[in-house]
Amino acid sequence: MFTAAAAALTLTLSACGGGSGSGGSPESSGSAPYSVASNVSLTGSPTFDKIKSNGKVRVGVKQDQPGLGFMDAATGQYSGFDIEIAKWIAASLGYSADKIEFKPIPSANRESAIQNGDIDYYVGTYSITDSRKKQVDFAGPYFVTGQGLLVKKDNTTINSEKDIAGKTVCSATGSTPLQNIQKNFPQTSARSFDTYSQCVDALKNGQVDAVTTDQAILIGYAAQDPDNLKVVGTPFTTEKYGVGVTKGDAALRKFVNDTFTNGHDVWQKVYDSTLGKSGTKVEQPAVDNY
């Protein structure tokens, strides 16, 4: 069975994968493991009806998570595992990469962006939780990881979550890891910013003692600055990443789940071309058709 939480311990992530939907993406270069579907019919999905009306797919993503959802400031191109998953879904719906509008949305604004119709779906390290399922629906999971800790390279006092009492730990506003610290680590001071990259800056500047989020994300940051940052301990939660869709759009949720279930080879190739470049081998998780 897939254990990405354990696999994340050895991941060395880089900003790899496709572009923003114009030149440089696997799809546009003909190397994508999926093709753009034609004559797609998806009865009963208001989201798909809106996509057809707009003539494009609007996808909520992260832009500061190397190897997962990352935007190159110089080129404006997006890359990473989550980005390729988003493009695969769009292609399955009949839309090529140049018909995708990526919209970076902070963790705290994900539910409202979906509910308000600002995006058609969200793919960005979005953990499936019961509380979130009251506001939005999820397809997937398409990946599983766990919460970890990032500290300065010379830090010798924090080696795991057992050492964060009396420390200041940072995470993104509205994120599951932040809520976990606030609820289950009462002796730890929690601090939050809109993005994880702001937390990493605060760590480097000495404003916080550690950054916490999913292990896979943290190793991406450590890989960017190995002389100053390191990941410690082992994952102490299980996080299942899902695709956020409008509450009640069962047709779209089932469509995406079927795409994942029937596209195992595609999923593996998408993984291998992004996170899998670290050499880590994992298995695709089964979807939850709730």
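Located above this text is the structure these notes cover.
Cut-offs and rules
Residues numbered from 1 in each chain as written. Predicted model: local features only at pLDDT ≥ 70, side-chain atom pairs only at ≥ 80, totals over all residues. Heavy atoms only, no water. Helix = DSSP H or I, 4+ residues; strand = E, 2+ residues; numbered from the N terminus. Buried < 20%, exposed > 50% of the residue type's maximum accessible area, 1.4 Å probe, protein only. Contact = heavy atoms within 4.5 Å. Areas by Shrake-Rupley, 256 points an atom, 1.4 Å probe, with all protein chains shown as cover. Phe/Tyr/Trp six-rings, centres within 6.5 Å; stacked < 30°, edge-to-face > 60°. Salt bridge = Lys/Arg side-chain N within 4 Å of Asp/Glu carboxyl O. 1 Å grid on protein atoms, 1.4 Å probe; cavity = no way out; pocket = protein on both sides within 12 Å on 5 of 7 lines; lining within 4 Å. Points joined across faces, edges and corners; volume = space filled by probe spheres on them. Nonpolar A, V, L, I, M, F, W, Y, C, P; charged D, E, K, R; others polar. Domains from an automatic or database assignment. Pairing = 2+ DSSP bridges. Axes fitted to C-alpha atoms, helices over the stretch in contact; angles between N-to-C directions.

Colleague: Looking at this structure, I do not really get the overall build of the protein. What am I missing?
Modeller: Counting its regular elements, the protein contains nine helices and 13 strands. Here the protein, with 290 residues, has 54% of them falling under the buried criterion. Contacts in the protein between residues far apart in sequence, at least 24 positions, make up 74% of those at least 6 positions apart. Element-wise, carbon and sulfur atoms account for 45% of the exposed surface of the protein, whose accessible area totals about 11,800 Å².

Colleague: Looking at this model, I keep getting lost on the packing of aromatic side chains. Mind explaining?
Modeller: Here a ring pair, both rings aromatic, is described through the centre-centre distance and the interplanar angle of the planes. One pass over the full model with this rule turns up 14 aromatic pairs. With a centroid separation of 6.0 Å and 40° between ring planes, the pair formed by F81 and Y142 is classed as tilted. With a gap of 61 residues between them, F81 in helix α3 (residues 81-92) and Y142 in strand β7 (residues 136-145) connect regions that are remote in the sequence. Per residue, the accessibility class of F81 equals that of Y142, and both read buried. Among the aromatic residues, those joined into a ring-pair cluster are F81, W88, Y142, F143, Y241, F260, W267 and Y271.

Colleague: Explain the pattern of salt bridges to me, please; I cannot follow it from the model alone.
Modeller: Opposite charge on two side chains allows them to pair when their charged atoms are near. Inspection of the entire model under this criterion finds seven salt bridges. With a closest N to O distance of 3.5 Å, E111 and R132 form a salt bridge. Residue E111 is found in helix α4 (residues 110-115), and its partner R132 is found in the loop between β6 (121-122) and β7; the two are separated by 21 residues along the sequence. Overall, E111 belongs to the buried group, its relative accessible area being 11%. Taking the shortest distance from any N to any O, the salt bridge between D137 and K247 comes out at 3.5 Å.

Colleague: Looking at this structure, I do not really get the layout of surface pockets. What am I missing?
Modeller: If you roll a probe as big as a water molecule over the atoms, it shows you where there is empty space left. Within this model, the largest pocket holds a volume of roughly 150 Å³. If you go around the largest pocket, you meet ten residues; those closest to its centre are P141, V144, K240, A286 and D288. Looking at the lining of the largest pocket residue by residue, the class counts come to six nonpolar, one polar and three charged.

Colleague: Hey, could you run me through empty space enclosed by the protein in this one?
Modeller: For the coordinates displayed, the defined rule picks out one cavity of 30 Å³ or more. Roughly 60 Å³ of volume is contained in the largest cavity. Every residue along the wall of the largest cavity is listed here: K62, S107, R110, T125, S127, R132, S175, T176, P177, Y196, T213 and D214. Contributing elements (two or more residues each) for the lining of the largest cavity: α5 (176-184) and β11 (210-214). Looking at side-chain class alone, the lining of the largest cavity contains two nonpolar, six polar and four charged residues. Residues from two domains meet in the lining of the largest cavity; each of domain 1 (46-143 + 240-278) and domain 2 (147-232) gives at least three.

Colleague: Just to check I follow, could you spell out the sheet that holds β11 for this structure?
Modeller: By way of backbone hydrogen bonds, the strands of a sheet pair with one another, either parallel or antiparallel. An order of β10-β9-β11-β8-β12 is seen for the five strands of this open sheet, with the pairing classed as mixed. Each edge of the open sheet is held by one strand with a lone partner, namely β10 (189-193) and β12 (229-232). Ignoring which end each strand starts from, the neighbouring axes of this sheet average 35° apart. As defined by bridge partners, strand β9 (residues 168-172) adjoins β10 across five bridges and the pair is classed as parallel. Bridging across to β10, C170 finds its partner in R191. Contacts from α5 reach β8 (147-152), β9, β10 and β11, with the element oriented near 160° to β10. Packing against the sheet, helix α6 (residues 196-204) makes contact with β8, β9, β10, β11 and β12, and its axis sits at approximately 155° to β11.

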